[in-house]
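# Coordinate inspection notes
The residues making up each chain are set out below.
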Amino acid sequence: MKLLVIGSGGREHAIAWRLAQSPRVQKVFVAPGNGGTAHEPGLENVEVSGNEALVAFAREEHIHLTVVGPEAPLAEGIVDHFRAQGLRIFGPTRACAQLESSKEFAKAFMQRHRIPTAAFASFTQAKPAHEYVASRAAPIVVKADGLAAGKGVVVAATPEEAHQAIDRMLLERSMGSAGERILIEDFLEGEEASFIVMCDGAHVLALASSQDHKRLYDGDEGPNTGGMGAYSPAPVVTPKVHARVLREVIQPTLAGMSAEGHPYTGFLYAGLMIDGAGTPRVLEYNCRLGDPETQPILLRLKSDLYDLIEHAIEGRLDAIDARWDRRAALGVVLAAAGYPDAPRKGDPISGIPAAGDDYHVFHAGTAARDGGVITSGGRVLCVTALGDSIKMAQRRAYQVAEGIWFEGMQLRRDVGHHAISAARRA
Ligand code: AMP
Ligand code: GLY
C-alpha cells in the first residue's frame, strides 16, 4: 500500500514516520517533505504541489490514502478536490475548514451552538475597534480573522497595546489580507491545553491530550510563535475535564457542523483555556493536527495510525480505540536565528543523532544538501523524547538536543514547566 502525506513540517515528518511503521504500508510519499523525511526509512519526498498535480500524482502512483498536514491546502479545498475525483483522503472539506480559516466564522458558529468561548466583536474599520477597546477592560486580545500561521494574535496587557495592534492590522495591513477583518475578544484566565480528536462525520476518537508553548522565550515571554515545544499528556486535562471537553465542546461542534450540512471529517483541534474550576473554553479551532503537539502525541501512539485513519475514512471510528504509551513525551523545538519575524536559512546543522528507542528528532525547516542538512525555515527541528514522567521526558529531550547545533539556534529551556510545577504542587 502506498500513501501520500501533504506538507513539509515536523508534524508531517511525525505523521509519515508513524504511517510507515504500519505492516500494511509499503511506502509513504511526502509532498514536498523536508530534510528529515528525505532520509527516513520508508519515506520518499516528491516535489509536487497544487491540487491538480497532487491528484494526478495520487492517480499515477495508485496512492491508497492521502493525509493532509497543514491548514492552507485544507482551506483551499484539497479534500473536496480529491473526493470529486474518487480518491481517498483524510481531512475536512473546505466548508469544514472554515472553523480555522475564519476566526469570525468560528466565533459566530460557537455562539450559534452555545459552545463556551470568550465574548468578542469583529471589525473592519479602526474607529469602532478603538471605541470597543475603550469600552472594555484590559488585558484584551486582538486577532486577525484569517490564517496567520499562529502569529495573528496580540494579547494586549494595556489598552495602548490593543490600540497599536488595531492600527497595525487594519491601517498598516501588517498581516496582509488575513488582517482585513479583526476580532477583539475578552482575555480568558486559566491554563491552556490542546484537545485533538479524529472525526469520521459521525463518530469521534479523542487523541492523547497535549500542551503547546506558544511564546518564543522562557517563562512564556516574547512574541507568539507557531509553537516552541509541547508535551503529552497535559495534566490539566484530568479525566473529569476530558469528559467535559467532549460533552461541552467536541460533541456540540460536530453536531453543529452536521446540522449545518457539513459533517466534519479529519482531525479537529480545539485550543482550550481551562479555568480553575475545570471549565473549558475554546480559544481557537484548528482543522488539523497541531505542530509541535503531533510530535509528542505520535511518539506515544501505540496503535497503528494507518488503521485508525482507515477506520475514520470508512466511518467506523466507533469500532476502534487508540492505545498510548503510558510514558509522557516532550518535544523541544530548535528554531532558526531571526524566528519568528525573519528566520535565516541555509545554516548547516550538525550533531543530529540517529533515532533511539526513547526519542526521535523530527525535522521541520530543513533541507537535504550535499549529504547533510541545512536550515530552510523558522522551526528547524523538534527533539522529542519519552520518559516515565514529564520531568524525565524533559531531561531526555534536552540531553538529546545538547549535541545539535546550528548558527543562531534558538530554543526554550523550560518546555514542560507548567506540568512540572503542577506535579510539584500536587
Ligand atoms: P489563537 O491563535 O487564537 O489560539 O491565539 C494564540 C494564543 O494567544 C493562544 O494560545 C493564547 O495563549 C492566547 N490567547 C488567544 N485568545 C486568548 C484569550 N481570549 N484569552 C487569553 N489568551 C488568549
Ligand atoms: N501548535 C499550535 C498549532 O499547531 O496551531
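Scroll up for the structure.
Before going into details, it helps to say that this report is about the structure given with it. Because the structure is a prediction, the values reported are computed rather than measured. (Residues numbered from 1 in each chain as written. Chains lettered and ligands numbered in written order. Predicted model: local features only at pLDDT ≥ 70, side-chain atom pairs only at ≥ 80, totals over all residues. Heavy atoms only, no water.)

## Notes on the overall build of the chain
Stated formally: A run of DSSP states H or I qualifies as a helix once it reaches four residues; a run of E qualifies as a strand once it reaches two. Both are numbered from the N-terminal end. The globule rule used here is 2.2 Å times the number of residues to the 0.38 power, and the radius of gyration it is set against is calculated over C-alpha atoms. Here's how the labels work: a residue is buried when its accessible area is under 20% of the maximum for its type, exposed when over 50%, partly exposed in between, all with a 1.4 Å probe on protein chains only. Only heavy atoms matter for contacts: two residues are in contact if any of them lie within 4.5 Å across the pair. Using a 1.4 Å probe, the Shrake-Rupley method yields the accessible areas, and only the shown protein chains count as cover for residues. Charge counting follows a simple rule: Lys and Arg are positive, Asp and Glu are negative, and His as well as the terminal groups are ignored. In plain terms, the charge of a residue is placed at NZ if it is Lys, CZ if Arg, CG if Asp and CD if Glu.
On a plain count of helices and strands, the chain comes out with 13 helices and 23 strands. In terms of C-alpha radius of gyration, the chain reaches 21 Å, essentially the compact-globule figure of 22 Å for 426 residues. Viewed in the frame of its principal axes, the chain has a C-alpha envelope of about 60 × 45 × 45 Å. Buried positions account for 55% of the 426 residues belonging to the chain. A separation of at least 24 residues holds for 69% of the contacts in the chain among residues at least 6 apart in sequence. Here the chain displays about 17,100 Å² of accessible surface, and carbon together with sulfur accounts for 49% of that area. Side chains of the chain give 44 positive and 51 negative charges; the mean places of these two sets differ by 4 Å.

## Describing the site of ligand 2
Definition in use: Think of it this way: one heavy atom of a residue within 4 Å of a molecule or strand is enough to make that residue near it. Polar contacts, as counted here, are pairs of nitrogen or oxygen atoms within 3.5 Å of one another; within protein the pair requires one atom able to donate a hydrogen and one able to accept it, and residues that are adjacent in sequence qualify only if both atoms are side-chain atoms. Gly falls in the polar group here, along with every residue not listed as nonpolar (Ala, Val, Leu, Ile, Met, Phe, Trp, Tyr, Cys, Pro) or charged (Asp, Glu, Lys, Arg).
Around ligand 2, a shell composed of Asp212, Lys214, Gly226, Tyr269, Asn286, Arg288, Gly290, Asp291, Pro292 and Glu293 is seen. Between ligand 2 and Asn286 there is a distance of 3.2 Å, counted from an oxygen atom to a side-chain nitrogen or oxygen. Bound to the protein, ligand 2 loses 91% of the 200 Å² it would expose on its own. In terms of residue class, the shell around ligand 2 is made up of 2 nonpolar, 3 polar and 5 charged.

## Details of the site of ligand 1
Near ligand 1 lie 15 residues; those nearest to it are Lys143, Glu185, Asp186, Leu188 and Glu192. A distance of 2.3 Å separates an oxygen atom of ligand 1 from a polar side-chain atom of Glu192. In this structure, an oxygen atom belonging to ligand 1 sits 3.1 Å away from a side-chain N or O atom of Glu284. Compared with its free state, where it exposes 470 Å², ligand 1 has 94% of that area covered by protein. Sorting the residues of the shell around ligand 1 by element identifies β7 (140-144), β8 (153-156), β9 (182-186) and β17 (280-286) as the ones contributing at least two each. A class-by-class count of the residues in the shell around ligand 1 yields 7 nonpolar, 1 polar and 7 charged.

## Quick look at helix α9 (residues 239-259)
Each α-helix winds once per 3.6 residues, and so residues spaced three or four apart point in a common direction. Our working definition: Given the number of residues in a helix, its expected span is that number minus one, multiplied by 1.5 Å. One fitted axis covers the seven residues ending at a residue, a second covers the seven starting there, and the bend at that residue is the angle between these axes.
Here α9 contains 21 residues, and its C-alpha end-to-end distance of 28 Å stays within 8% of the 30 Å for a straight helix at 1.5 Å per residue. If you look at α9, its biggest bend is around 35°, right at Leu246. Along α9, the residues classified as buried are Val241, Val245, Val249, Ile250, Thr253, Leu254, Gly256 and Met257. Buried residues along α9 sit against α5 (94-101), α6 (103-112), β10 (191-200), β11 (204-206), β16 (265-274) and β17. After α9 finishes, the residue Gly261 shows a positive phi value of roughly 90°.

## Quick look at the nonpolar core
As a reminder of what qualifies: We call a set of buried Ala, Val, Leu, Ile, Met, Phe, Trp, Tyr and Cys residues a nonpolar core when their side-chain atoms join them within 4.5 Å.
Formed by 48 residues in total, the largest nonpolar core has its most connected members in Ile78 and Tyr285. The leading source of residues in this core is α9, at 6 residues. Membership of the second largest hydrophobic core comes to 36 residues, among which are Val25, Ile196, Leu205 and Tyr269.

## Examining the sheet that holds strand β1 (residues 2-7)
Here is the rule we go by: Here, strands pair whenever DSSP counts at least two bridges between them. Under this scheme, a helix contributes an axis fitted over its contacting stretch, all axes are lines through C-alpha atoms, and angles between N-to-C directions fall in the 0 to 180 degree range.
The strand order β3-β2-β1-β4-β5 describes an open sheet built from 5 strands, whose pairing is parallel. Taken across any chain shown, the strands that pair with only one partner, and hence form the sheet edges, are β3 (43-45) and β5 (89-90). The strands touched by helix α11 (residues 305-313) are β1, β4 (65-68) and β5; relative to β4, the strand with the most contacts, the crossing angle is about 95°.

## Remarks on the pairing of β16
When you tally the buried positions in β16, you get 10 out of 10 residues, the bulk of the element. In the sheet, β10 pairs with β16 via 10 bridges, with the strands oriented antiparallel. When the sheet's bridge partners are listed, Ala193 is paired in β16 with Leu272. Of the pairings in the sheet, the one linking β16 to β17 comprises 6 bridges and is antiparallel in character. Note on β17: the bridge partner recorded for Ala270 is Tyr285.

## Here we look at the packing of helix α1 (residues 10-20) against α11
The condition is simple: Angles are sorted into four bins: roughly parallel if under 35 degrees, roughly antiparallel if over 145, roughly perpendicular if 65 to 115, and oblique for all others.
For the pair α1 and α11, the least separation of the axes is 7 Å and the interaxial angle reads 100°. The orientation of α1 with respect to α11, classified from their angle, is roughly perpendicular. Between α1 and α11, the contacting residues are Ile15, Arg18 and Leu19 on the first element and Leu305, Tyr306 and Ile309 on the second. The residue inventory of the contact of α1 with α11, partitioned by class, reads 5 nonpolar, no polar and 1 charged.

## Details of the sheet that holds β11
Pairing within the open sheet is antiparallel, and its 4 strands lie in the order β11-β10-β16-β17. Only two strands of the sheet have a single neighbouring strand rather than two, namely β11 and β17. The sheet shows a mean angle of 30° between the axes of neighbouring strands, taken without regard to direction. Where β10 meets β11, 3 bridges bridge the pair, whose relative direction is antiparallel. In the sheet register, Met198 faces β11, and the bridge partner there is Leu205. Strand contacts of α9: β10, β11, β16 and β17, with the helix running at about 130° to β16, the strand carrying the most contacts.

## Considering the pairing of β17
Counting buried residues along β17, 6 of its 7 residues qualify, which places the element largely inside the surrounding structure. Where β16 folds back onto β17 in an antiparallel hairpin, the turn is made up of 5 residues, including Gly278, whose phi is positive at roughly 80°.

## Let's talk about the environment of Pro343
Locating Pro343 in the fold gives a position in the loop between β18 (328-335) and β19 (348-349). For Pro343, a relative accessible area of 28% translates into the label partly exposed. Once the C-alpha coordinates of Pro343 and Gly378 are considered, the two residues, 35 residues apart in sequence, prove to be 5.0 Å apart. For Pro343, the contacting residues outside a window of four places in its chain are Ala336, Ala337, Gly338, Gly377 and Gly378.

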